[in-house]
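# Structure assessment
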Amino acid sequence: MDLREAVNHAISVVVDLFADQEISDVGLEEVDASNTDRIWRITVGFYRPWDNKPSNALAALALSKDKQLRTYKVVGINMDDGSLAYIRNR
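Residues numbered from 1 in each chain as written. Predicted model: local features only at pLDDT ≥ 70, side-chain atom pairs only at ≥ 80, totals over all residues. Heavy atoms only, no water.

Our focus in this paragraph is the nonpolar core. Generally speaking, nonpolar side chains in soluble globular proteins are found buried as a group. Core analysis: the largest hydrophobic core is formed by 13 residues, its most contacted members being A10, V14, W40, I42, V44, V75 and I77. Listed by contribution, the elements that provide at least two residues to this core are α1 (3-17), β2 (39-47) and β3 (71-78). (Core = buried A, V, L, I, M, F, W, Y, C linked by side-chain atoms within 4.5 Å. Buried < 20%, exposed > 50% of the residue type's maximum accessible area, 1.4 Å probe, protein only. Helix = DSSP H or I, 4+ residues; strand = E, 2+ residues; numbered from the N terminus.)

This is the structure we're talking about:
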């Protein structure tokens, strides 16, 4: 599996597995290759509604798009067959 296919697959896996959590702005953050275990380590970032819920009115004023908390998942994709090896927190 080449890099582009692996990235598209990793993003699809995250979108599918986290669909019930209403994630948004899903995107590629970084890629690392491990030739030892033949795994693409692909970091996918996204926002979840509860990560950015302000606790009070003052916090709501201070919370802007550039200060929102982003969630990052490292998705391991097997280089040989494209199977999902793992999903981990970064």
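There's more to say after this.
With that settled, consider the pattern of salt bridges. Across all of its chains, the model carries three salt bridges by this definition. Across the pair E29 and R70 runs a salt bridge, and its minimum N-O distance is 2.9 Å. Placement of the pair is E29 in strand β1 (residues 24-34) and R70 in the loop between α2 (57-62) and β3, with a sequence separation of 41 residues. Taking the relative accessible area as the measure of exposure, E29 reaches 34% and is therefore partly exposed. A salt bridge links R38 to D80; the shortest N-O distance between them is 2.8 Å. Highlighted residues: R38 in the loop between β1 and β2 and D80 in the loop between β3 and β4 (84-89), separated in sequence by 42 residues. (Salt bridge = Lys/Arg side-chain N within 4 Å of Asp/Glu carboxyl O.)

Our next topic: the packing of aromatic side chains. All chains considered together, the criterion is met by one aromatic pair. Ring geometry for F18 versus F46: centroids 5.3 Å apart, planes at 45°, classification tilted. Linking F18 in the loop between α1 and β1 with F46 in strand β2, this pair joins segments that are 28 residues apart in sequence. On the basis of relative accessibility, which here comes to 11%, the residue F18 falls in the buried class. Directly above the aromatic system of Y47 lies the positively charged group of R70, at a separation of 4.9 Å from the ring centroid. In this arrangement the basic side chain of R88 is found over the ring face of Y86, its NZ or CZ atom lying 3.7 Å from the centre. (Phe/Tyr/Trp six-rings, centres within 6.5 Å; stacked < 30°, edge-to-face > 60°. Lys NZ or Arg CZ within 6 Å of the ring centre and 35° of its normal.)

Turning our eyes to something else, we now look at the environment of A6. Among the structural elements, A6 can be located in helix α1. We classify A6 as buried; its relative accessible area is 0%. Expressed as a C-alpha distance, the spacing of A6 and G76, which sit 70 residues apart in the sequence, is 9.1 Å. Ignoring sequence-local partners within four residues, the contact set of A6 consists of M1, W40, I42 and I77. (Contact = heavy atoms within 4.5 Å.)

With that settled, consider α1. With 15 residues, α1 extends 21 Å between its outermost C-alpha atoms, agreeing within 8% with the 21 Å of an ideal straight helix rising 1.5 Å per residue. Buried residues of α1: A6, V7, A10, V13 and V14, and no others. For α1, the arc enclosing every buried residue in end-on projection is 125°, short of the 170-degree limit, so these residues lie on one face. Away from its buried face, by an angle of more than 90 degrees, α1 presents the exposed residues R4 and D16. Summarising the contacts, the buried residues of α1 are in contact with β1, β2, β3 and β4. A distance of 3.2 Å separates the backbone nitrogen of R4 from a side-chain oxygen at the start of α1, and that oxygen is part of D2. (Expected span 1.5 Å × (residues − 1). Arc of directions from axis to C-beta. Polar contact = N/O pair within 3.5 Å; in protein donor to acceptor, adjacent residues only side chain to side chain.)

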